[in-house]
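The residues making up each chain are set out below.
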Amino acid sequence: MDNFVQWNYENANTANFLVYTLGENENFDTVALGMLLNNNIEGFLPMIYLQNDEERYFKYNITSKVSLKMFFEETVNKTRFLNVISSICKAFEMCGEYMIEDKSIVLDAEHIFVDVSSAKAELVCLPVLKEGGANVNVVNFFKLLLMSTQFDPTENCDYIAKLLNSLNKSDKMSFAEIRNIAEELLGNVQEEEDKPVMNAMSAPQTVSAAALITPIAPMQNVQNVQSAPNIQNIQRTQVQNMQRPNTPNIPNIPNIPNVPNQPNQPQNVPPVINDNSKSSHKGGLFGGLMKSGKKSKEKKPKKGKEAVQAAPQMAIPGVKASAGPLMPNYPQPAQNVAPMANNQPMHSIPAQQMNVQPGITFQQSAPKAAPQQAMTTVLNKDMLSANCTPKLYRYKTNELIEINKVPFRVGKEASFVDYCISDNTAVSRSHANIVKRGNDYFIVDTNSTNHTYVNGAMIQSNVEIKLEENTRIKFANEEFEFRFF
């Protein structure tokens, strides 16, 4: 078991531990181990040492903290990134005060843990004697961290270039120099956040007060303006005097609505005969109306002699409903349309034979194709899960939360999680994540204090547990249900 290295996670009551198992030939550094056990060193995870027969363990308390890899899994803003850089440099500075060698620091994103509220990082110090081990190159680690992190595009990212240029100047920059640069950039960010935002109403104006006042014209100028012709009246008069081209002037007929131009009616229309009326229509339909511009007098029907015809949906009191036609039976005018011979299509007949206005054409519509019967696709479980958006149902509030991104974070730190449970103090700041692998969804407890339960069983932190339809999930004592529909 030489050079045996094993990292795992362990839950104990309300605590979560990162556990390192020592190999048989590994010896620990007694000085560094004593410093870590007897002091609460800033920037380092608190640890305990246990020995069970021949097995020896280092246990680091990571309760309510997430790994740096998980913390930087999504977009990162200025404050979080610079706080992580500053806290890491501060931890390395403390090594000299407590006689801890730099090479005993585990510098990788999976074993650096961050408080999601303060964005302060805490390191793992592994007090194991190593022969000929090289010191940790923090500058290269920060460069890789800069290259692999997705920064918030809505912010001013000039600080990234400034920090990267400073790291490129020398690979032997001290931790204090890097921390000073990070805190200086962090101070600029905080100054920008603390600076009051002045809108257009509250911003100081450099224009003089006289320039903001509109001068008033003298009275004589006002009179001249009033005597000037109205431009709108002139334009309206010009528009009224304009005539459409090729359109004859139509005299204004009082009380006659506008009637669209009718095609020339044939002259052999027989007169309309009305048995119940003694007068006949003379001069066509508008003959009586066109005389000397006067209204034609309508004769009132005599009571009991003339039949009164009403609209189909209007009843007249005192008049018996007529069973005959509601409209007078006018004879239809003869249409001079030549018969179609040899099944001649409509669009091939000349317009003169159809007695229609020139310019009007008829098109023969294509026959509609018979609808084809599509085959029914049978959906399997993978296709259903791929096309459906999973949801979390919260029993306490009857709320249905859509899991619209991955990873989907659940906790009570509103600035970090995707769904905030602010009304339950038993839930951790970053309690659990829901991740996706292919078409399957998994839940991961992120070192919560009161743990996560799946179908009543507590799950191990930092271990992915597959979720099925109607899986019962409990974050501390807050019950949810995982659903696809």
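Owing to the predicted nature of the structure, the values given are computational and were not obtained by experimental measurement.

How each quantity is defined
- Along each chain, residue indices are assigned from 1 in the same order as the chain's sequence is written.
- Where local features are concerned, this predicted model is filtered to residues with pLDDT of at least 70; where side-chain atom pairs are given and counted, the filter is 80 or more; whole-chain, interface and lining totals use all residues.
- Values reported for side chains reflect all heavy atoms of the structure, with hydrogen atoms and water molecules removed beforehand.
- Only DSSP runs of H or I reaching four residues or more are called helices, and only runs of E reaching two or more are called strands; each is numbered from the N terminus.
- Whether two residues touch is decided by their heavy atoms; if any such pair falls within 4.5 Å, the residues are in contact.
- Any carboxyl oxygen of Asp or Glu within 4 Å of a side-chain nitrogen of Lys or Arg constitutes a salt bridge here.
- Partly exposed describes any residue whose relative accessible area lies between the buried limit of under 20% and the exposed limit of over 50%, with all areas from a 1.4 Å probe on protein chains only and scaled to the type maximum.
- Axes here refer to lines fitted to C-alpha atoms; in helices the fit is confined to the stretch in contact. Angles between the N-to-C directions go from 0 to 180 degrees.
- Each angle is binned into one of four classes, with values under 35 degrees roughly parallel, values over 145 roughly antiparallel, values of 65 to 115 roughly perpendicular, and all other values oblique.
- Here a crossing is called left-handed whenever its near helix is offset anticlockwise from the far helix by less than a right angle, and right-handed whenever the offset is clockwise.
- Each residue is assigned to one class: nonpolar for Ala, Val, Leu, Ile, Met, Phe, Trp, Tyr, Cys and Pro, charged for Asp, Glu, Lys and Arg, and polar for all the others, Gly among them.
- Strand pairing is assigned whenever DSSP identifies at least 2 bridges connecting the two strands.

**Q** An account of the environment of Glu 74 is requested, with residue identities and associated values reported.
**A** In this structure, Glu 74 sits in the loop between α2 (68-71) and α3 (78-97). Sequence separation between Glu 74 and Thr 149 is 75 residues; the distance between their C-alpha atoms is 8.1 Å. Ignoring sequence-local partners within four residues, the contact set of Glu 74 consists of Gln 150, Lys 405, Val 406, Pro 407, Arg 409 and Asp 418.

**Q** So what about the pattern of salt bridges? Which residues, and what values?
**A** Taken as a whole, this structure holds 16 salt bridges when the rule is applied. Taking the shortest distance from any N to any O, the salt bridge between Glu 183 and Arg 179 comes out at 3.1 Å. Taken together, the residues span about one helical turn, with Glu 183 and Arg 179 both in helix α6 (residues 175-194) at a distance of four residues. Assessed through its relative accessible area of 37%, Glu 183 is described here as partly exposed. A salt bridge links Arg 437 to Glu 464, with the shortest nitrogen-to-oxygen separation between them at 2.7 Å. Residue Arg 437 is located in strand β14 (residues 432-437), and its partner Glu 464 is located in the loop between β17 (457-458) and β18 (465-467); the two are separated by 27 residues in the primary sequence. Under the relative-accessibility criterion, Arg 437 is labelled partly exposed at 43%.

**Q** Give me the lowdown on the packing of α3 against helix α4 (residues 138-148), citing residues and values where you can.
**A** At a minimum axis distance of 12 Å, the contact between α3 and α4 shows a crossing angle of 165°. Judged by the angle between their axes, α3 and α4 are roughly antiparallel. The two elements α3 and α4 meet at a crossing, and its hand is right-handed. Two secondary-structure elements touch here, α3 through Phe 81, Ile 85, Ile 88, Cys 89 and Phe 92 and α4 through Val 138, Phe 141, Phe 142, Leu 145 and Leu 146. Taken together, the residues of the contact of α3 with α4 sort by class into ten nonpolar, no polar and no charged.

**Q** Quick one: what's the story with the sheet that holds strand β7 (residues 113-114), residue by residue and with numbers?
**A** Pairing is antiparallel in the open sheet, where three strands are placed in the order β5-β7-β8. Each edge of the open sheet carries a strand with a single partner, namely β5 (66-67) and β8 (121-122). Pairing analysis gives two bridges linking β5 to β7, with the strands arranged antiparallel. Bridge assignment links Val 66 to a residue of β7, and that residue is Val 114.

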